[in-house]
Amino acid sequence: MTETPDVVEGAALAGPDGRLRCPWALSTEDYVSYHDEEWGRPVHGDDALYERLTLEAFQSGLSWITILRRRTGFRAAFAGFRIEKVAAFTDEDRERLLADPGIIRNRAKIDATTANARVLADWAPGELDQLIWSYAPEPGTYPVPKTLADVPPVTAESTALSKALKKRGLRFVGPTTAYALMQACGLVNDHLETCVSRSAL
């Protein structure tokens with residue numbers, strides 16, 4: 001009788017195509033494509049980073065799949081996350097957003113999204129990109145994660161980034177949200193050691 005190798009909890013798992021992936025990526029098809037094509041790949045540009053920062057803030061207290069499946073709705077509701085356009089939103093826009101079933105209708109997070117856009121609209125082009133990426137740790141700073149247990153929820157860099165963003169007037173940018181942003185936007189590579197996407201970055 002052939003012995004089955006022990007499955008290490010939280011380690012990379014084989015998907016339908018036989019390739020190893022981070023285990024969270026295999027729970028839905030939406031996650032597979034997001035994991036393979038987006039998560040951990042470098043993101044640059046003020047509007048693109050504003051979008052990711054906003055979506056990570058909306059995710060707080062919810063599962064990421066809830067946000068991911070509404071991303072098209074979020075983009076439509078928030079003018080494609082173009083900072084200048086969101087900064088010009090009016091009270092009528094606020095009421096529209098609070099009634100929009102295509103997004104998460106959380107008053108505090110909606111208000112933070114527009115307030116953040118107004119802050120960022122006064123920054124120089126590229127300033128948000130430069131600020132966020134200045135907190136990317138040097139490669140090799142942290143051990144390559146072998147299981148999900150090796151992936152931290154926050155780091156010294158995410159805590160510092162959170163403080164810097166808050167000091168500049170941004171809201172809903174705590175250390176955990178900041179680290180989720182760093183993971184999603186490629187400032188760190190938290191794909192597990194044997195994950196097929198790790199070597200692709």
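Quick caveat: nothing in here was measured; it's all calculated off a predicted structure.

Undergrad: Can you explain the UniProt feature "binding site: Zn(2+)" (unreviewed entry) in the protein chain? Please cite residues and give values.
TA: Under the present numbering, the feature "binding site: Zn(2+)" (unreviewed entry) in UniProt falls on Cys22, His35, His191 and Cys195. Taken together, the annotated residues stretch across 174 residues yet fold into one region, lying no more than 10.3 Å apart by C-alpha. Structurally, Cys22 can be placed in the loop between strand E2 (20-21) and helix H1 (29-37). Residue class for Cys22 comes out buried when judged on its relative accessible area of 1%. The residues touching Cys22, leaving out its near neighbours within four places in the chain, are His35, Asp190, His191, Leu192 and Cys195. One can find Cys195 in the segment after helix H10 (175-184). Excluding residues that lie within four positions of it along the chain, Cys195 makes contacts with Ala12, Leu20, Arg21, Cys22 and His35.

Undergrad: Quick one: what's the story with helix H9 (residues 156-167), residue by residue and with numbers?
TA: With 12 residues, H9 should reach 16 Å at 1.5 Å per residue; the first-to-last C-alpha distance of 16 Å fits that figure. By the burial criterion, the buried members of H9 are Glu157, Ser158, Leu161, Ser162, Ala164 and Leu165. Considered in projection along H9, the buried side chains sweep an arc of 165° and stay on one side of the axis. Exposed and oriented more than 90 degrees from the buried face of H9 are Ala156, Lys163 and Lys167. Where H9 terminates, the next one or two residues include Gly169, which has phi positive at roughly 105°.

Undergrad: Can you lay out the packing of aromatic side chains for me, pointing to particular residues and giving the numbers?
TA: The tally for this structure, following the rule as stated, stands at 10 aromatic pairs. Between Phe78 and Phe89 the ring centres are 6.3 Å apart and the planes differ by 15°, which places this aromatic pair in the stacked class. Highlighted residues: Phe78 in the loop between helix H4 (71-77) and helix H5 (83-87) and Phe89 in the loop between H5 and helix H6 (91-98), separated in sequence by 11 residues. Across the pair, exposure class does not vary: Phe78 and Phe89 are buried alike. Through successive ring pairs, a cluster of aromatic residues spans Tyr50, Phe58, Phe74, Phe78, Phe81 and Phe89. Arg96 extends its terminal NZ or CZ atom over the ring of Phe89, reaching a point 5.3 Å from the ring centre. Positioned above the aromatic ring of Trp123, the side-chain terminus of Arg168 is 4.0 Å from the ring centre.

Procedures and definitions
Residues numbered from 1 in each chain as written. Predicted model: local features only at pLDDT ≥ 70, side-chain atom pairs only at ≥ 80, totals over all residues. Heavy atoms only, no water. UniProt positions renumbered as here; feature names shortened; annotations may be inferred. Helix = DSSP H or I, 4+ residues; strand = E, 2+ residues; numbered from the N terminus. Buried < 20%, exposed > 50% of the residue type's maximum accessible area, 1.4 Å probe, protein only. Contact = heavy atoms within 4.5 Å. Expected span 1.5 Å × (residues − 1). Arc of directions from axis to C-beta. Phe/Tyr/Trp six-rings, centres within 6.5 Å; stacked < 30°, edge-to-face > 60°. Lys NZ or Arg CZ within 6 Å of the ring centre and 35° of its normal.

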